[in-house]
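# Commentary on secondary and tertiary structure
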Amino acid sequence: MSNRRDFLKNASLLTAGGLLVGNAGTMNAANAVSAPVVSAKKKLGLQIYSLQKELYDDIPKRMKELKEMGYVNLELAGYNKGKISDVDMMAFKKMAEDAGLKIVSSHVNPTIEGVPFLMEYKRDVFSQVSDYWKQAAADHVKLGCTFLVQPMMPMCRTYDEALMVCEFFNEAGKICNEAGLIYGYHNHHMEFQRLVKPGDEGKAQNPWMPAGDQIEDIFIANTNPSLVCFELDVYWTVRGGNDPLEYLQKHPGRIKAVHIKDTSVLGQSGLLNFENIFNQMYKNGIQDYFVELEYMPDGRTQFEGVKDCAAYLEKALFVR
Ligand code: MG
């Protein structure tokens, strides 16, 4: 379906990127400059954390603005006992749907009674954490989302502690799977620290690398592929000294969603090769990605930043 906004968007693509061909390759030259040549809608997603408190001054209005920018999918942050920040989840869902946005994913950090931010796992809290996921999964099924994603790493000070954390992830994955959701884990940079397997102390893998395994690799190797997937944050992967392209190539079946993130507005730092990343994502069959913007310099608003990010992806010929 085409509308005026699509036409304007496509017209801007023509001026910014030259003539796009694709399915419109049979068009004659006159049509090519006077009618939309791209019919496929890009599935831009946004992690709402990017908006920080700017979202909450007028949620319906802000949601409509996001749709105008080109976003169609949302990943939530701020879930707590049936609410997103202080807003009832179902009211939040309605506001998103009224604006034409779909909630695809949600970031959820498990917590237990008396510990609002549970960062250290111990075996004796296993059943409490399980109960938390059961409630979170039931709440998110009502939202109709696909993914439930754990965004923060519990403490992994030793190899064995990391293996225990994997047991918690497998349990969360089992609960989400039974509820019809996909459980995922989202990385920052600390997952690329190395831990040495007991008995392997002092054994470097090669002379140029420190000993041990990166925590992200321990997680991938020791979680059940049918229950636990990974949401690769490409920016934090680079900050952790790794290549997101290599991770996408090495784990095509395990990474099912991606955070598209840069130092600030996408494409401005030169730190990330988004063309390579998107090409590999499509090759792997990854459909879901979410823009994340942590920081805007010079007093500009987060909304201005996410608008610039959307414009970058709309113009990018490698984003389909
Ligand atoms: Mg992220």
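Our subject is the structure that appears above.
Summary of the structure given here. (Residues numbered from 1 in each chain as written. Predicted model: local features only at pLDDT ≥ 70, side-chain atom pairs only at ≥ 80, totals over all residues. Heavy atoms only, no water.)

### Section: the pairing of strand β13 (residues 288–292)
With five of five residues buried, β13 lies mostly within the body of the structure. Strand direction decides the pairing type here: strand β12 (residues 255–261) and β13, joined by five bridges, are parallel. Across the sheet, the residue bridging to V258 is Y289, located in β13. You can see the chain leave β12, run along helix α10 (residues 274–284) and come back into β13, and the turn it takes is right-handed. (Buried < 20%, exposed > 50% of the residue type's maximum accessible area, 1.4 Å probe, protein only. Helix = DSSP H or I, 4+ residues; strand = E, 2+ residues; numbered from the N terminus. Pairing = 2+ DSSP bridges. Right-handed = clockwise from strand over helix to strand, strands pointing away.)

### Comments concerning the coordination of the magnesium ion
Around the magnesium ion, the protein contributes the donor atoms H186 (NE2), D233 (OD), H259 (ND1) and E292 (OE), which lie 2.0 to 2.2 Å from the metal centre. Exposure remark for H186: the relative accessible area of 2% places this residue in the buried category. Assessed through its relative accessible area of 6%, E292 is described here as buried. (Donors = N, O, S within 2.8 Å, 3.2 Å for Na, K, Ca; no water.)

### Here's the deal with the packing of aromatic side chains
The full count for this structure, using the stated rule, is 17 aromatic pairs. Aromatic pair W133 and Y183: ring centres 5.4 Å apart, planes at 85°, arrangement edge-to-face. Here Y183 lies in strand β8 (residues 182–186) and W133 lies in helix α5 (residues 126–143), a separation of 50 residues in the sequence. The two residues W133 and Y183 agree in class, both being buried. Counting every residue linked through ring pairs, the aromatic cluster contains Y79, Y132, W133, F169, Y183, Y185, F219 and F230. Its guanidinium or amino end placed over the ring of F303, R62 lies 4.2 Å from that ring's centre, counting from NZ or CZ. If you follow K250 out to its NZ or CZ, it ends over the ring of Y247, 5.2 Å from the centre. (Phe/Tyr/Trp six-rings, centres within 6.5 Å; stacked < 30°, edge-to-face > 60°. Lys NZ or Arg CZ within 6 Å of the ring centre and 35° of its normal.)

### Section: the packing of helix α3 (residues 59–69) against helix α11 (residues 302–315)
Interaxial distance between α3 and α11 falls to 9 Å at its minimum, and their mutual angle equals 25°. Relative to α11, the element α3 lies roughly parallel. Touching R62, E65, L66 and M69 of α3 are F303, V306, K307, A310 and E314, all from α11. Residue composition of the contact of α3 with α11, grouped by class: five nonpolar, no polar and four charged. (Axes fitted to C-alpha atoms, helices over the stretch in contact; angles between N-to-C directions. Parallel < 35°, antiparallel > 145°, perpendicular 65-115°, else oblique. Contact = heavy atoms within 4.5 Å. Nonpolar A, V, L, I, M, F, W, Y, C, P; charged D, E, K, R; others polar.)

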